[in-house]
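The primary structure of each chain is shown beneath.
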Amino acid sequence: VEKAFAKLTPYVKEPRHLQFEADINRLFLYTSYNRLGRNADEADAEEIVDMASKASFADQQKQVQENIHFQVKTFCKSMDEILLPEANVSNEPPKSASQMDSAPRRSGLSFAVGKSGGPSAKPSVPDTKPMKRAELSQTLKDHIGWTLELKPSEIPNKDAGQGLFINGEADAGAVVAFYPGVTYSPAFYRYIPGYPRVDAHNPYLITRFDGTVINAQPWGIGGEARELWDGSIVAQIKADVTKDVEKGSDRIWKMLSKPLEHKQGICGAEVLERRNPLAFAHFANHPAKGMIPNVMVCPYDFPLSERDMRAYIPNISFGGEQEVKMKRFGTFWLKSWGSQNEGSNFAVLRTLVLVATRALSNEEVLLNYRLSNSKRRPSWYAPVDEEEDRRRWS
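What you are looking at is a predicted structure, and each value in this text was computed from that prediction instead of being measured. (Residues numbered from 1 in each chain as written. Predicted model: local features only at pLDDT ≥ 70, side-chain atom pairs only at ≥ 80, totals over all residues. Heavy atoms only, no water.)

Participant: I would appreciate a short explanation of the side chain of N67 in the present structure.
Facilitator: Within the element layout of this structure, N67 appears in helix α4 (residues 57-83). Residue N67 is classed as buried on the basis of its relative accessible area of 1%. Of note is the side chain of N67, whose polar atom sits 3.1 Å from the side chain of T31. (Helix = DSSP H or I, 4+ residues; strand = E, 2+ residues; numbered from the N terminus. Buried < 20%, exposed > 50% of the residue type's maximum accessible area, 1.4 Å probe, protein only. Polar contact = N/O pair within 3.5 Å; in protein donor to acceptor, adjacent residues only side chain to side chain.)

Participant: What should I look at first to understand the sheet that holds strand β9 (residues 295-303) in this one?
Facilitator: Strand pairing in a sheet relies on backbone hydrogen bonds. The paired strands run either parallel or antiparallel. If you walk across this open sheet you meet the three strands as β3-β11-β9, and the pairing is antiparallel. Because the sheet does not close on itself, it has two edges, and the strands there are β3 (175-178) and β9. Each adjacent strand pair in this sheet contributes to an overall mean axis angle of 40 degrees, direction not counted. Of the strands in this sheet, β9 and β11 (348-356) are in contact with helix α2 (residues 15-36), which crosses β9 at around 85 degrees. Strands β3, β9 and β11 of the sheet are contacted by α4, whose axis makes an angle of about 80 degrees with β9. (Pairing = 2+ DSSP bridges. Axes fitted to C-alpha atoms, helices over the stretch in contact; angles between N-to-C directions. Contact = heavy atoms within 4.5 Å.)

Participant: Help me out: how do you make sense of the nonpolar core in this one?
Facilitator: Most often, soluble globular proteins keep nonpolar side chains buried together rather than apart. Counting residues in each nonpolar core, the largest one holds 62 residues, and the members touching the most others are I68, V176 and L354. Broken down by element, the residue count for this core peaks at eight residues, all from α4. Other than its neighbours up to four places away in sequence, V176 contacts W146, L148, I166, A170, L278, V295, L354, A356 and L360. In terms of nonpolar packing, the next biggest core, distinct from the first, is built from 15 residues, V213, A279, I316 and F318 among them. (Core = buried A, V, L, I, M, F, W, Y, C linked by side-chain atoms within 4.5 Å.)

Participant: Just to check I follow, could you spell out the confidence of the model for the chain for this structure?
Facilitator: Low-pLDDT portions of the prediction should not be read for the details of their coordinates. The pLDDT averaged across the chain works out to 79; a share of 72% of its residues lies at or above 70. Segment residues 1-11: pLDDT under 50, and two contacts once partners within four positions in sequence are set aside and those in other chains are kept. (pLDDT = per-residue confidence, 0-100.)

Participant: Any chance you could explain the packing of aromatic side chains here in plain terms?
Facilitator: By convention here, two paired aromatic rings are described through the distance between centres and the angle between planes. According to the stated counting rule, one finds 14 aromatic pairs in the structure shown. Arranged with centres 5.4 Å apart and planes meeting at 45 degrees, the rings of F75 and F178 form a pair that is tilted. Placement of the pair is F75 in helix α4 and F178 in strand β3, with a sequence separation of 103 residues. Each of the two residues, F75 as well as F178, counts as buried. An aromatic cluster is defined as three or more aromatic residues linked by ring pairs; in this entry it consists of Y184, F188, Y191 and F318. The ring centre of W219 lies 4.6 Å from the NZ or CZ of R274, which sits over that ring. (Phe/Tyr/Trp six-rings, centres within 6.5 Å; stacked < 30°, edge-to-face > 60°. Lys NZ or Arg CZ within 6 Å of the ring centre and 35° of its normal.)

Participant: Can you walk me through the packing of α4 against helix α5 (residues 133-144) in this structure?
Facilitator: Angle between the axes and distance between the axes: these two values describe a pair of packed helices. Contact pair α4 / α5: the axes reach a minimum separation of 10 Å and the direction vectors enclose 125 degrees. Overall, the two elements α4 and α5 adopt an arrangement that is oblique. With respect to the hand of their crossing, α4 and α5 are arranged in right-handed fashion. Two secondary-structure elements touch here, α4 through F75, S78, M79, E81, I82 and L83 and α5 through L136, T139, L140, H143 and I144. The class makeup of the residues in the contact of α4 with α5 is seven nonpolar, three polar and one charged. (Parallel < 35°, antiparallel > 145°, perpendicular 65-115°, else oblique. Left-handed = near helix turned anticlockwise from the far one by under 90°. Nonpolar A, V, L, I, M, F, W, Y, C, P; charged D, E, K, R; others polar.)

Written out as structure tokens, the structure reads:
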């Protein structure tokens, strides 16, 4: 018995890991309930809570990925219906992650570090309907019930600037926004602009629990077309949509390890839908004192085998496509729960999305930044939960 408990000691002493487990547990509850749809009742909620108490952390993590993927698949299908010529729109229902082709296909990231691609290596940009971003945004609202917009924040602080607002209604557990931009694995930290003080002039950085950093500054406010995008040009974000803030999740400079040293690389190029109406998570503000956040971050590992969805995932990986070993997910737990559906590994793109923690309706999107309480924090920062902040940065 003592030997068994001894094996658990590292996890007990690791507050950061415990916080990650707590976050995944919450995401399991929210996204599983959302998956049931608006007909879900209190009994369904209780069943999900009971399932969460029995499921292992690994199984909950897999289920969260499955639930997020299902929602993203639905979103991508709506975007196809809006933008693609009718002949190119698939009428197939969204597939679960377990139904995906396990064999990785070329992602189109043809400009990996150390390689050069000729004209024939560049992916072609398919024809889409000539819609302005504003029109696309409103049409998406008609399809899924909400869209996002940027306007002056309602937070009573002069530094709040522009805020991110949901226009319409979204249920608890809904994926309401994507965190766009260039993703950096620890091996490429040195290539983040401004290294080592990468956060000094860039408030649009965020880091996942696994150390993946996403820089949204090159994405800015998106574009007006589907285009080949490599993230090499830093977007000039207009003054009216700029936040002069320093996020706690952006304060990652002290975490930077000694990454691989080699010749300067460039990002891979991908055909991305720059008009994506949900690619604005980097504009979410931290709540003021007395306010409660209504979204939380969720890591989402997008399977690169899903080529039909790729244009709507507003991220590229610095250094090009990399094979990441991830087990295939089982189908939703209502149908099957267990490891018998696990199969081959496949390549993924590590991204982040924002998930609603309650029903949202025509309001500002607020995200707990969780600034480190071991560093001096800006005057506008009001801790939501000091203990969470401490565990996140322990």
